[in-house]
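Reading the structure
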Amino acid sequence: MMNHSKAKIIRIITGWVSGALFGSGMIISGMVDPNKVIAFLDIFGDWDPSLAFVMGGALLVFTPIYHLIIKKRKKAVNGDLFTWTSNTSVDGTLISGAVIFGAGWGLAGFCPGPAMASIGGGSNIILAFTLSMIVGMVHANQYLAGRLPLPIVGYRKNICAITSEVAAGSTTTPSTSK
């Protein structure tokens, strides 16, 4: 078993190497350029399919590595266990999150990965996007904790309370956060 400080160092190094590879790939492929992303999304105008080739190239590299190496492992490089979410339902939270993400990507021409990869370029637009993304993440966490409603969807039900009450065999109606 790995000690805590060694696991933390491995986690940091793995994160830096992964981030550097991802960021370099995004910059080299031109995917940090919002005009290129908007051109990809403009299927009825001057469509640029190069983003599809970048994603396809990434899948060609990732798919065999996933099936041959990653999928067989029980633990990550740093010793953490791989876990899958137990929530696989398509609900209002998933749909509203996807719509908000897609609208932000389509309007700004950025998604979080390329924005973070290009933040060092000093662009005020990228800085504004990144700050807005952070505000959105804070609000999303408040929603997920049941402290902030979303339009149309309302407040999130306290899934943890429902799960623990069902596991305990409670016959009362699960509580929801307001």
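Residues numbered from 1 in each chain as written. Predicted model: local features only at pLDDT ≥ 70, side-chain atom pairs only at ≥ 80, totals over all residues. Heavy atoms only, no water.

1. Regarding the packing of helix 2 (residues 34–41) against helix 4 (residues 92–108)
When two helices pack together, their arrangement is captured by the angle between the axes and the distance separating the axes. Which entries qualify depends on this criterion: Here, axes are lines fitted to C-alpha atoms. For helices the fit covers the stretch in contact, and angles between N-to-C directions go from 0 to 180 degrees. Runs of H or I in DSSP of at least four residues are treated as helices and runs of E of at least two as strands, each being numbered from the N terminus. Here, residues are in contact when the closest pair of their heavy atoms is within 4.5 Å. Here the term charged refers only to Asp, Glu, Lys and Arg, the term nonpolar to Ala, Val, Leu, Ile, Met, Phe, Trp, Tyr, Cys and Pro, and the term polar to all other amino acids, Gly among them.
At a closest axis distance of 8 Å, the pairing of helix 2 and helix 4 adopts a crossing angle of 115°. Note on element contacts: helix 4 touches helix 2 through Trp-105, Gly-106 and Ala-108, opposite Pro-34, Val-37, Ile-38 and Leu-41. Partitioning the contact of helix 2 with helix 4 into residue classes produces six nonpolar, one polar and no charged.

2. Quick word on the environment of Leu-150
Within the element layout of this structure, Leu-150 appears in the loop between helix 6 (124–144) and helix 7 (159–167). Distance from Leu-150 to Ala-140, taken between C-alpha atoms, is 9.1 Å for residues ten residues apart in sequence. The residues touching Leu-150, leaving out its near neighbours within four places in the chain, are Ser-96 and Tyr-143.

3. Topic: the environment of Asp-33
This is how it is decided: Burial classification: accessible surface area is computed with a 1.4 Å probe over protein chains only, and a residue below 20% of its type maximum counts as buried, one above 50% as exposed, and the rest as partly exposed.
Relative to the helices and strands, Asp-33 is located in the loop between helix 1 (4–29) and helix 2. For Asp-33, a relative accessible area of 35% corresponds to the partly exposed category. Remark: the alpha-carbon pair of Asp-33 and Pro-114, spanning 81 residues in sequence, is separated by 8.2 Å.

4. Points about the confidence of the model for the protein chain
Our working rule: Confidence of the prediction at every residue is given by pLDDT, a number between 0 and 100.
Confidence along the protein chain averages 78 in pLDDT terms, with 83% of residues attaining 70 or more. The lowest-confidence element of the protein chain is helix 7, averaging 47 in pLDDT; the highest-confidence one is helix 3 (residues 50–70), averaging 90. Residue range residues 160–167 is modelled with pLDDT below 50. Its contacts to residues more than four positions away, or to other chains, number eight contacts. In this model, residues 170–178 is a region of pLDDT below 50 whose contacts with residues beyond four sequence positions or in other chains number 17 contacts.

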